[in-house]
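Coordinate analysis (summary)
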Protein chains: 2
Amino acid sequence: MDKLCEFLREKGVSPSIQRLKILRYLKDSENHPTALMIHHEISRDIPTLSKTTIYNTMNLFSEKGIVSELCVGEGEVRYDLNLYPHAHFRCAECGKIYDVKIDPELFKIKKINGNQVVHTAVYFTGKCRECFGKDKENL
Amino acid sequence: MDKLCEFLREKGVSPSIQRLKILRYLKDSENHPTALMIHHEISRDIPTLSKTTIYNTMNLFSEKGIVSELCVGEGEVRYDLNLYPHAHFRCAECGKIYDVKIDPELFKIKKINGNQVVHTAVYFTGKCRECFGKDKENL
DNA sequence: TGACAAGTTTAGAATTATTATTATATTAAA
DNA sequence: TTTAATATAATAATAATTCTAAACTTGTCA
Ligand SMILES: [Mn+2]
Ligand SMILES: [Mn+2]
Ligand SMILES: [Zn+2]
Ligand SMILES: [Zn+2]
């Protein structure tokens, strides 16, 4: 927990109990959670936790480069602690979001059609391996 | 206009005046418009046009494979008549969305990490060439 | 120690895109 | 024309997120 504290300070964020628990949740669960998923989980620990705090904190983390915001269709933002360039796969059936690796060249593009690229997002949608597995069971 | 009529029929959509105007707007403007942009434009022609009709129509067009839905960050869906696989660039400054071409191999991926891919989306964000131009003018 | 200022959290209201509901209008079939 | 099926419109409902203002914490210094 002290490590997380230190980590936040380095990023210019003063640590509070809420911020630390949010950060730890992001580290533990490799989920790409929504703000509401985070709230749901941590409010079991801190019953007074407000949604506003989650939104504020996630916006702060975003600004400070601690997390990146993911937009994978469906009208909700998801957060990712993994800042290493990678792509995502969303299962249309179960909604789960997976990290996937693609040719890293794509993330190196800095200019395209004369436009200056700051950020690159790649996501796939379809049916995940787990959902395929379930289908077989039900035969 | 008769061509558009025919086109809709082929896709299994019975043509109405609203649907035809929406389709024509999509064809003419190479915009990637939001539902509200479409409504704003066409309600000048049909003042009674309701937003619900736009949302219904766009969902219908989506189901019938006439348009694809784009999620380029920012909490609104954008629609694209161009079904040919291509990527997008969104300017963080002016909000404009450009079609861009990338290595088509990426769109051929049908399986990744054991997951079955149905759809692939790629989008870049940054500052567009026009916004760069404006900066120079203001020197 | 204790008062203060700055920063943080909270609850609830406000906003915005979208969907649901339902009545009305239009079209197509019999 | 009568009738049934579809499409449109107005409005209410939802849901994610932001705004606002009050209450709470924390660190600083008299
Ligand atoms: Mn990820
Ligand atoms: Mn396009
Ligand atoms: Zn799945
Ligand atoms: Zn621009």
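1. Overview of the overall build of chain A
A count of helices and strands for chain A gives five helices and six strands. Ordered by position from N to C terminus, the α and β elements of chain A give α-α-α-α-β-β-β-β-β-β-α. Oriented by its inertia axes, the alpha-carbon framework of chain A measures out at about 50 × 45 × 25 Å. Looking at the 139 residues of chain A, the share that counts as buried comes to 43%. Counting only contacts in chain A whose residues sit at least 6 apart along the sequence, the fraction spanning at least 24 positions is 45%. Element-wise, carbon and sulfur atoms account for 50% of the exposed surface of chain A, whose accessible area totals about 8,000 Å².

2. Some words on the coordination of the zinc ion (ligand 4)
For the zinc ion (ligand 4), the full set of protein donor atoms is B:Cys91 (SG), B:Cys94 (SG), B:Cys128 (SG) and B:Cys131 (SG), and the range of their distances to it is 2.3 to 2.4 Å. Counting residues between consecutive donors of the zinc ion (ligand 4) along the chain gives the motif C-x2-C-x33-C-x2-C.

3. Digging into the pattern of salt bridges
Residue and element names in this part refer to chain B. Scanning the entire structure with this criterion turns up 14 salt bridges over all chains. The closest approach of N and O atoms between Lys 21 and Asp 45, which form a salt bridge, is 3.1 Å. On the criterion of sequence distance, the pair formed by Lys 21 in helix H2 (residues 17-28) and Asp 45 in the loop between helix H3 (35-42) and helix H4 (51-63) is long-range, its members being 24 residues apart. Ionic pairing is found between Glu 76 and Arg 78, a salt bridge with its closest N-O pair at 3.7 Å.

4. Notes on unusual backbone geometry
Residue and element names in this part refer to chain B. You will see that His 32, though not glycine, has its phi angle at about 55°, which is positive. Assignment of secondary structure puts His 32 in the loop between H2 and H3. With relative accessibility at 4%, the residue His 32 sits in the buried group. We note that Glu 74 has phi near 60°; this positive angle belongs to a residue other than glycine. Tracing the backbone through its elements, the reader meets Glu 74 in the loop between strand E1 (68-70) and strand E2 (78-80).

5. Remarks on the packing of helix H2 (residues 17-28) of chain A against helix H4 (residues 51-63) of chain A
All names here are of chain A. Running from N to C, H2 and H4 cross one another at 70°; their axes reach a closest spacing of 11 Å. As the angle between them shows, H2 and H4 are arranged roughly perpendicular. Along this stretch, H2 crosses H4, giving a crossing that reads as right-handed. Contacts between H2 and H4 involve Gln 18, Arg 19, Ile 22, Leu 23 and Leu 26 from the former and Thr 53, Ile 54, Thr 57, Met 58, Leu 60 and Phe 61 from the latter. Residue composition of the contact of H2 with H4, grouped by class: seven nonpolar, three polar and one charged.

6. Describing the interface of chain B and chain A
Listed per partner, the contact involves 30 residues of chain B and 30 residues of chain A. Carbon and sulfur atoms make up 59% of the area that chain B and chain A hide from each other, which totals about 2,400 Å². When the buried surface of chain B facing chain A is broken down by residue, B:Asn115, B:Tyr123 and B:Phe124 rank first, second and third, together holding 22% of it. On the surface where chain B and chain A come into contact, there are zero salt bridges. One can count twelve residue pairs in polar contact (both at pLDDT 80 or more) joining chain B with chain A. For the side of chain B that touches chain A, the secondary structure elements donating two or more residues are strand E4 (97-100), strand E6 (115-127) and helix H5 (129-137) of chain B. Ranked by residues supplied to the side of chain B that touches chain A, first place goes to E6(B) with 13 residues. Looking at the side of chain B that touches chain A residue by residue, the classes come out as 17 nonpolar, nine polar and four charged. Note that strand E6 (residues 115-127) of chain A and E6(B) share eleven bridges and pair antiparallel. Its bridge partner lying in E6(B), A:His119 is registered against B:Thr125.

7. What to know about the side chain of B:Thr34
All names here are of chain B. As for its position among the elements, Thr 34 is in the loop between H2 and H3. For Thr 34, a relative accessible area of 10% translates into the label buried. Within the structure, the side chain of Thr 34 is placed 3.0 Å from the backbone nitrogen of Met 37, a separation counted as a polar contact. Beyond its immediate stretch of four places on either side in the chain, Thr 34 contacts Glu 76, Val 77 and Arg 78.

8. Observations regarding the coordination of the zinc ion (ligand 3)
Octahedral six-donor coordination of a metal ideally yields angles of 90 or 180 degrees, compared with 109.5 degrees for tetrahedral four-donor coordination. Residue and element names in this part refer to chain A. On the protein side, the zinc ion (ligand 3) has Cys 91 (SG), Cys 94 (SG), Cys 128 (SG) and Cys 131 (SG) as donor atoms, found 2.3 to 2.4 Å from it. Around the zinc ion (ligand 3), the four donor atoms are arranged such that angles at the metal cover 105 to 114°; this shape is classified as tetrahedral. Sequence spacing of the donor residues for the zinc ion (ligand 3), all on one chain, is C-x2-C-x33-C-x2-C. Of the residues examined, Cys 131 reaches a relative accessible area of 6% and is grouped as buried.

Cut-offs and rules
Residues numbered from 1 in each chain as written. Chains lettered and ligands numbered in written order. Predicted model: local features only at pLDDT ≥ 70, side-chain atom pairs only at ≥ 80, totals over all residues. Heavy atoms only, no water. Helix = DSSP H or I, 4+ residues; strand = E, 2+ residues; numbered from the N terminus. Buried < 20%, exposed > 50% of the residue type's maximum accessible area, 1.4 Å probe, protein only. Contact = heavy atoms within 4.5 Å. Areas by Shrake-Rupley, 256 points an atom, 1.4 Å probe, with all protein chains shown as cover. Donors = N, O, S within 2.8 Å, 3.2 Å for Na, K, Ca; no water. Salt bridge = Lys/Arg side-chain N within 4 Å of Asp/Glu carboxyl O. Axes fitted to C-alpha atoms, helices over the stretch in contact; angles between N-to-C directions. Parallel < 35°, antiparallel > 145°, perpendicular 65-115°, else oblique. Left-handed = near helix turned anticlockwise from the far one by under 90°. Nonpolar A, V, L, I, M, F, W, Y, C, P; charged D, E, K, R; others polar. Buried area = accessible area lost by both parts, 1.4 Å probe. Polar contact = N/O pair within 3.5 Å; in protein donor to acceptor, adjacent residues only side chain to side chain. Pairing = 2+ DSSP bridges. Tetrahedral: all angles 85-135°; square planar, octahedral: opposite > 155°, others 65-115°.

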